[in-house]
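Listed here are the chains, written in short residue letters.
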Amino acid sequence: MQHPSSKEQITHWQGLIRQYASYLPVTDTTPIITLNEGNTLLIKLDNFVRKIGGEFDLYLKYEGLNPTASFKDRGMTMAISKAVEKKAEVVICASTGNTSASAAAYAARANLKCVVLLPDGNIAMGKLAQALMYGAQTIAVDGNFDDALRIVRELGATGKVEVVNSINPSRIEGQKTAAFEICDQLGRAPDFHFLPVGNAGNITAYWKGYQEYHAAGIVNARPRMCGYQAAGAAPIVDGQIYEHPETIATAIRIGNPASWQAANHAIKSSDGWIGKVTDEEIVEAYMLVAQTEGVFVEPASAAPLAGLIKCVKAGRIPEGSLISATMSGHGLKDPDRAIQCAAKKPIKSEATLEAVSKLIGL
Ligand code: F0G
C-alpha cells in the first residue's frame with residue numbers, strides 16, 4: 001500500500017477550529033485543544049417525513065457523532081482552547097449532563113482540573129459515566145440545573161475558575177460552526193432549522209452562524225429558527241421562569257435559560273417561532289425516528305422532531321421546503337429511558353436451533 005503524501009496527511013479533518021479559524025476568535029498562537037470534533041453527517045430522513053405526512057426534505061445534523069456524542073464538543077474545543085490561552089487552571093460548569101461530559105473530556109486533554117455541578121438524580125447514566133471516566137470532580141447538587149448554574153456564576157465571579165457554560169462567549173463561537181457545516185453540506189441555507197432549546201445557547205449559536213455565512217455572501221438566505229422546549233420546562237414559550245422544570249428530556253430540564261434574550265432575538269429576527277411539546281409527544285418522535293430511520297437520538301433531540309410533527313398537522317410547513325434539524329445528543333447517552341420506552345424485553349430462548357426457529361416462526 002502506498003503511503004499518503006504529506007499533503008494528504010494534513011488535509012484530513014482536524015477539528016472545527018482549524019477548519020473555520022477565519023470566523024473564530026483565535027490567532028496563530030492560540031493553543032488548539034481538539035478531539036477533531038465537527039464535520040458531522042447530515043442525514044436525510046425520507047421515511048420519517050413520509051410517515052408524518054410531510055412533503056419536504058428533512059436533513060438531520062447528526063451531532064451525536066461528535067467525540068463525546070453531543071454538539072457540546074463544538075463549543076468546548078473553543079472554550080477550553082481559550083482557557084488554556086489565558087492560562088486558566090480550573091474549568092467549571094453546571095450541566096444537565098452533556099456539557100459536563102464534553103468539558104471533562106477536553107479538560108483531560110488539556111491537563112486542566114475540571115469541576116462539574118450536576119442536578120442530583122436527574123442526569124442520564126451515560127453522561128454521568130463520561131464525567132466520572134474523564135476524571136472530572138463531579139458534584140451532585142441537591143437542586144436543579146438553574147441552581148447549579150447560579151453557584152457556578154458566583155464561583156466564576158471570584159476569578160479563580162473559568163466558567164465553560166454557554167455564558168462563556170467562546171462556547172457560542174464554536175457552536176455556530178454547525179450552521180456553517182449545514183450550509184456547506186447543502187450548498188445553501190435551509191428554509192427552516194428545528195432544534196431543542198434548554199439553556200438557549202445553541203439556538204443563539206446557530207443563528208449567529210447562519211447570519212455570518214449570509215453576511216459573508218456564502219449563502220443568499222437564512223433559515224427561520226424553530227425552537228422547541230419540553231412542556232414542563234418551557235420558560236421562553238410561556239414568558240416566565242419555571243421554578244420546578246420537569247421533563248423526561250433531562251438535557252433540557254431548565255427553568256431559567258441563560259441565553260433567553262438571545263433566543264428571543266433569534267426567533268424574532270429570523271421570523272421563526274418557539275413551541276413546546278409534551279413528554280408523550282417527545283417519546284412518540286423519539287421512537288419513530290429510531291424505528292423508521294435507524295437514528296437513535298436522546299429524548300431532548302426528539303423535541304424538535306415532535307414539534308415538526310405538530311407543524312405538519314397544522315399545515316405550517318410549505319410543500320418542497322428544505323428543513324434541517326439538530327440531533328443534539330446520541331441516544332446511547334440515556335439507555336435507561338430507551339429501554340423503558342421500547343417496552344419490549346428480550347425473549348429468552350434455549351440455545352438450540354429448534355427453539356430459536358420456533359420463536360421467529362421459521
Ligand atoms: N439537546 C441536548 C442533548 C442538550 O444536552 C442540550 C443542553 C440541549 C439540547 C439544549 O441546548 O442549552 O444550548 O439550549 N444541554 C446543556 C448541558 C444544558 O448541560 O448539557 P441549549
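Along each chain, numbering runs from 1 in the same order as the chain's sequence is written. Only residues with pLDDT of at least 70 get local features here, since the model is predicted, and only at 80 or more are side-chain atom pairs given and counted; chain-wide, interface and lining totals rely on the full set of residues. Side-chain measures here rest on the full set of heavy atoms in the structure, leaving out hydrogens and waters.

Caption draft 1: Region of interest: the overall build of the chain. Numbering of helices and strands starts at the N terminus; helices are DSSP runs of H or I of at least 4 residues and strands are runs of E of at least 2. A count of helical and extended segments in the chain gives 16 helices and 10 strands. All radius of gyration figures rest on C-alpha atoms, and the globule criterion is 2.2 Å times the number of residues raised to 0.38. Taking 2.2 N^0.38 as the reference for a compact globule, 362 residues should give roughly 21 Å; the C-alpha atoms of the chain span a radius of gyration of 21 Å, in line with that estimate. Over its C-alpha atoms, taken along the principal directions, the chain stretches across nearly 65 × 65 × 50 Å. Only protein chains enter the accessibility calculation, which uses a 1.4 Å probe. A residue is then buried if its area is under 20% of the maximum for its type, exposed if over 50%, and partly exposed in between. Counting across all 362 residues of the chain, residues that qualify as buried make up 56%. The long-range fraction of contacts in the chain, counting pairs at least 24 apart against all pairs at least 6 apart in sequence, stands at 73%. Note that His is not counted, nor are the chain ends; the positive residues are Lys and Arg, and the negative ones are Asp and Glu. A charged residue contributes its charge at one atom only: NZ of Lys, CZ of Arg, CG of Asp or CD of Glu. Of the charged side chains in the chain, 35 are positive and 36 negative; the average position of the first set lies 2 Å away from that of the second. It only takes one pair of heavy atoms within 4.5 Å for two residues to be counted as in contact.

Caption draft 2: How the structure looks around the sheet that holds strand S4 (residues 113-119). Whether two strands pair depends on DSSP finding at least two bridges between them. In space, the four strands of this open sheet follow the order S5-S4-S3-S6, with parallel pairing throughout. Only two strands of the sheet have a single neighbouring strand rather than two, namely strand S5 (137-141) and strand S6 (162-163). Relative to S5, S4 is paired through five bridges, and the arrangement is parallel. What sits directly across from Leu118, in S5, is Ala140. The strands that helix H7 (residues 145-157) touches are strand S3 (90-94), S4, S5 and S6; relative to S3, the one it contacts most, it runs at about 150 degrees. The angle between two axes is taken between their N-to-C directions and runs from 0 to 180 degrees, where each axis is a line fitted to C-alpha atoms and a helix contributes only its stretch in contact.

Caption draft 3: Here's a closer look at the side chain of Lys333. Mapped onto the fold, Lys333 is located in the loop between strand S10 (322-327) and helix H15 (335-342). By salt bridge we mean one thing: a side-chain nitrogen of Lys or Arg within 4 Å of a carboxyl oxygen of Asp or Glu. Among buried Asp, Glu, Lys and Arg side chains, Lys333 stands out as unpaired, with Glu298 the closest opposite charge at 5.7 Å. Within the structure, Lys333 has its side chain in polar contact with the backbone oxygen of Thr68 (distance 2.7 Å). Engagement of the side chain of Lys333 in a polar contact is seen with the side chain of Gln130, the distance being 2.7 Å. Leaving out residues up to four positions away in the same chain, Lys333 has contacts with Thr68, Ala69, Ser70, Asn98, Ala101, Ala124, Met125, Gly126, Lys127, Gln130 and Glu298. Within 3.5 Å is the distance limit for a polar contact, defined as a pair of N or O atoms, with the added protein rule that one can donate a hydrogen and the other accept it, and that residues adjacent in sequence qualify only through two side-chain atoms.

Caption draft 4: Main features of the packing of aromatic side chains. Stacked, tilted and edge-to-face pairs are distinguished by plane angle, under 30 degrees for stacked and over 60 for edge-to-face with tilted covering the rest, among Phe, Tyr and Trp rings (Trp via its six-membered ring) whose centres lie within 6.5 Å. Under the counting rule described, the total for this entry stands at eight aromatic pairs. Measuring from ring centre to ring centre gives 4.4 Å for Phe180 and Tyr213, while their planes differ by 10 degrees; the resulting arrangement is stacked. Taken together, the positions of Phe180 in helix H9 (residues 177-186) and Tyr213 in helix H10 (residues 201-215) put the pair 33 residues apart, joining distant regions of the chain. Geometrically, the ring pair formed by Phe194 and Trp273 is edge-to-face, given 6.1 Å between the ring centres and 85 degrees between the ring planes. Taken together, the residues span a long stretch of sequence, with Phe194 in strand S7 (residues 192-196) and Trp273 in strand S9 (residues 273-277) at a distance of 79 residues. Side by side, Phe194 and Trp273 carry an identical accessibility label, which is buried. Feature note: the residues Tyr20, Tyr23, Phe180 and Tyr213 constitute an aromatic cluster, connected by ring pairs.

Caption draft 5: Examining the site of the ligand more closely. Among the 21 residues in the neighbourhood of the ligand, the closest are listed as Ser95, Asn199, Ala200, Asn202 and Ser328. Here an oxygen atom of the ligand and a backbone polar atom of Gly198 are 2.8 Å apart. Here an oxygen atom of the ligand sits 3.2 Å away from a polar atom, N or O, in the main chain of Gly201. Note that accessible areas follow from Shrake-Rupley with a 1.4 Å probe, and for residues the cover is restricted to the protein chains shown. Protein chains shield 98% of the accessible area of the ligand, which is 470 Å² for the free molecule. Contributing elements (two or more residues each) for the shell around the ligand: helix H5 (98-110) and H10. Here the nonpolar group is Ala, Val, Leu, Ile, Met, Phe, Trp, Tyr, Cys and Pro; Asp, Glu, Lys and Arg are the charged ones; every other residue, Gly included, is treated as polar. Taken together, the residues of the shell around the ligand sort by class into eight nonpolar, 11 polar and two charged. Throughout, near means a residue has at least one heavy atom within 4 Å of the molecule or strand.

Caption draft 6: Layout of the nonpolar core. Think of a nonpolar core as a cluster: buried Ala, Val, Leu, Ile, Met, Phe, Trp, Tyr and Cys residues, connected wherever their side-chain atoms sit within 4.5 Å. Among the nonpolar cores identified, the biggest contains 41 residues, and Phe48, Phe56, Leu58 and Phe194 are the most heavily contacted of them. It is helix H14 (residues 299-313) that provides the largest number of residues to this core, a total of nine residues. When sequence neighbours within four positions are dropped, the list of residues in contact with Leu58 reads Ile43, Lys44, Leu45, Phe48, Val49, Leu305, Leu308, Ile323 and Ala325. Formed by 33 residues, the second largest nonpolar core is a distinct cluster that contains Tyr59, Ala189, Val197 and Ile236.

Caption draft 7: Looking closely at the side chain of Ser70. Inspection of the secondary structure puts Ser70 in the loop between strand S2 (57-62) and helix H4 (72-85). With sequence-adjacent residues up to four places away left out, Ser70 is seen in contact with Glu63, Gly64, Asn98, Ser328, Gly329 and Lys333.

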